[in-house]
Amino acid sequence: MALTPRNTPNTIQMPFRRRRSFLSDVGQVALHPRTFYLGLRQSPVWGMAALVILVLITLAEVQALNATAPATPVDTWAAALVAIARVVFGWILLAVLLSEVSLFNGESPQLGLNWRVAVWASLPLGFMAGLQMLYRSGGGVIGEPGLSGFLTELPFYATLPMLLQQILRALAGNLTLFWLWHLALLYLGARHALKGRTWAALLVVIMWIIIVVMLPVVTNRV
């Protein structure tokens, strides 16, 4: 007859882990992005990040519209809806692009995880929108976006074909420290959250740069 020890627990006690807050996740993305992306599957607050980024970018767009001339309520709502649609469409497109990282690993795409990588990689763009609002609220005036204001100073710029001028203007308009930070977070997310190879993560970043630059050119919104 087998003997069983007394007072044997029926269940295994797991250590309690405190759920991370939104602000702690923001701090980790800013200071320790690699560590953050390695644990992204356990992050429950991406929805708050998406909402904050959407609100900041939308308010910045509306403020920029009213900075030039007083806008009607219809124009304000239209600008807000266009800003929201642009950001959400960008996240969807990024989630699809990031699927290539999993496919190159021989795995099925994880669209939910791809979406979270896209949202958190956009955090610097939300920071930039917030700083722009603070700057305008203090009476500051924001001129040409990015480095596009310097293009006319280049001696060869005026001699370039119109299509090449538009491409350079679209690229220079995005060239900010926050956009470069956004690209770096996108690369780190593809590498560490999706376990992608270096070349696959770089390929996604390059394709995203091409889309961001060429889409305004194709739609004649440069």
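Provided above is the structure to which this section pertains.
Residues numbered from 1 in each chain as written. Predicted model: local features only at pLDDT ≥ 70, side-chain atom pairs only at ≥ 80, totals over all residues. Heavy atoms only, no water.

Peer 1: Could you give me a rundown of the overall build of the chain, with the residues and numbers involved?
Peer 2: Each helix and strand counted, the chain has nine helices and zero strands in total. Ordered by position from the N terminus, the helices and strands of the chain form the series α-α-α-α-α-α-α-α-α. Counting over 222 residues, the chain shows a buried share of 36%. A fraction of 72% describes how many contacts in the chain between residues 6 or more apart in sequence connect residues 24 or more apart. (Helix = DSSP H or I, 4+ residues; strand = E, 2+ residues; numbered from the N terminus. Buried < 20%, exposed > 50% of the residue type's maximum accessible area, 1.4 Å probe, protein only. Contact = heavy atoms within 4.5 Å.)

Peer 1: Please provide a residue-by-residue account of the nonpolar core, values included.
Peer 2: The nonpolar side chains of a soluble globular protein tend to be buried with one another. In terms of nonpolar packing, the biggest core is built from 41 residues, with Tyr37, Leu40, Trp91, Leu98, Trp120, Leu186 and Trp208 touching the most fellow members. Of all the elements in the fold, those that place two or more residues in this core are helix H1 (22-31), helix H2 (33-38), helix H3 (46-68), helix H4 (73-104), helix H5 (111-121), helix H6 (123-137), helix H8 (177-193) and helix H9 (198-218). The dominant element in this core, judged by the number of residues it contributes, is H8, at seven residues. (Core = buried A, V, L, I, M, F, W, Y, C linked by side-chain atoms within 4.5 Å.)

Peer 1: An account of the environment of leucine 111 is needed here, citing residue identities and associated values.
Peer 2: Tracing the backbone through its elements, the reader meets leucine 111 in helix H5. Looking at leucine 111, the relative accessible area reads 51%, which means it is exposed. If near-sequence neighbours (up to four positions away) are discounted, leucine 111 is found in contact with Ala95 and Ser99.

Peer 1: Run through the layout of surface pockets, naming residues and quoting values.
Peer 2: One number sums up the size of the largest pocket: a volume of about 2000 Å³. If you trace the largest pocket, you find 49 residues lining it, with Glu61, Arg86, Pro145, Gly173 and Asn174 closest to the centre. The set of elements that each furnish at least two residues to the lining of the largest pocket consists of H3, H4, H6, helix H7 (162-174), H8 and H9. Here the lining of the largest pocket is composed, by residue class, of 30 nonpolar, 13 polar and six charged. (1 Å grid on protein atoms, 1.4 Å probe; cavity = no way out; pocket = protein on both sides within 12 Å on 5 of 7 lines; lining within 4 Å. Points joined across faces, edges and corners; volume = space filled by probe spheres on them. Nonpolar A, V, L, I, M, F, W, Y, C, P; charged D, E, K, R; others polar.)

Peer 1: An account of the packing of H3 against H6 is needed here, citing residue identities and associated values.
Peer 2: The geometry of H3 relative to H6 is characterised by a closest axis approach of 8 Å and an angle of 35 degrees between their N-to-C directions. Both H3 and H6 take part in a crossing whose hand is left-handed. Packed against H3, whose contacting residues are Ile53, Leu56, Ile57, Leu59, Ala60, Gln63, Ala64 and Ala67, the element H6 presents Leu123, Leu125, Gly126, Ala129, Gly130, Gln132, Met133, Arg136 and Ser137 at the interface. (Axes fitted to C-alpha atoms, helices over the stretch in contact; angles between N-to-C directions. Left-handed = near helix turned anticlockwise from the far one by under 90°.)

Peer 1: Give a detailed account of H6, specifying residues and quantitative values.
Peer 2: For H6, built from 15 residues, the straight-helix expectation of 21 Å at 1.5 Å per residue is met to within 8% by its first-to-last C-alpha distance of 21 Å. Every buried residue belonging to H6 is among Leu123, Pro124, Gly126, Ala129, Gly130, Met133 and Arg136, and all of these are buried. Along its buried surface, H6 packs onto H1, H3, H5 and H8. (Expected span 1.5 Å × (residues − 1).)

Peer 1: Which residues make up the pattern of salt bridges, and what values go with them?
Peer 2: Applying the stated rule across the entire model yields one salt bridge. Between arginine 86 and glutamate 61 there is a salt bridge, with the nearest N and O atoms lying 2.9 Å from each other. Residue arginine 86 is located in helix H4, and its partner glutamate 61 is located in helix H3; the two are separated by 25 residues in the primary sequence. Classification of arginine 86 by relative accessible area gives partly exposed; the value is 43%. Look at glutamate 61 and you get partly exposed, because its relative accessible area is 33%. (Salt bridge = Lys/Arg side-chain N within 4 Å of Asp/Glu carboxyl O.)

Peer 1: Explain the side chain of asparagine 114 to me, using residue names and the numbers behind them.
Peer 2: For asparagine 114, the position within the fold is in helix H5. Those residues in contact with asparagine 114, other than ones at most four positions away along the chain, are Ala95, Leu98, Ser99 and Leu194.

Peer 1: Which residues make up the packing of aromatic side chains, and what are the values?
Peer 2: Taken as a whole and judged by the stated rule, the model has seven aromatic pairs. Measuring from centroid to centroid gives 5.6 Å for phenylalanine 36 and tyrosine 37, while their planes differ by 65 degrees, and the two rings are edge-to-face. For the pair formed by phenylalanine 36 and tyrosine 37, the shared burial category is buried. For the pair phenylalanine 36 and tryptophan 120, a centre-to-centre distance of 5.0 Å together with 70 degrees between the ring planes defines the contact as edge-to-face. Here tryptophan 120 lies in helix H5 and phenylalanine 36 lies in helix H2, a separation of 84 residues in the sequence. For the residue pair phenylalanine 36 and tryptophan 120, the accessibility class agrees, reading buried in each case. Cluster of aromatic residues (ring-pair linked, three or more members): Phe22, Phe36, Tyr37 and Trp120. (Phe/Tyr/Trp six-rings, centres within 6.5 Å; stacked < 30°, edge-to-face > 60°.)

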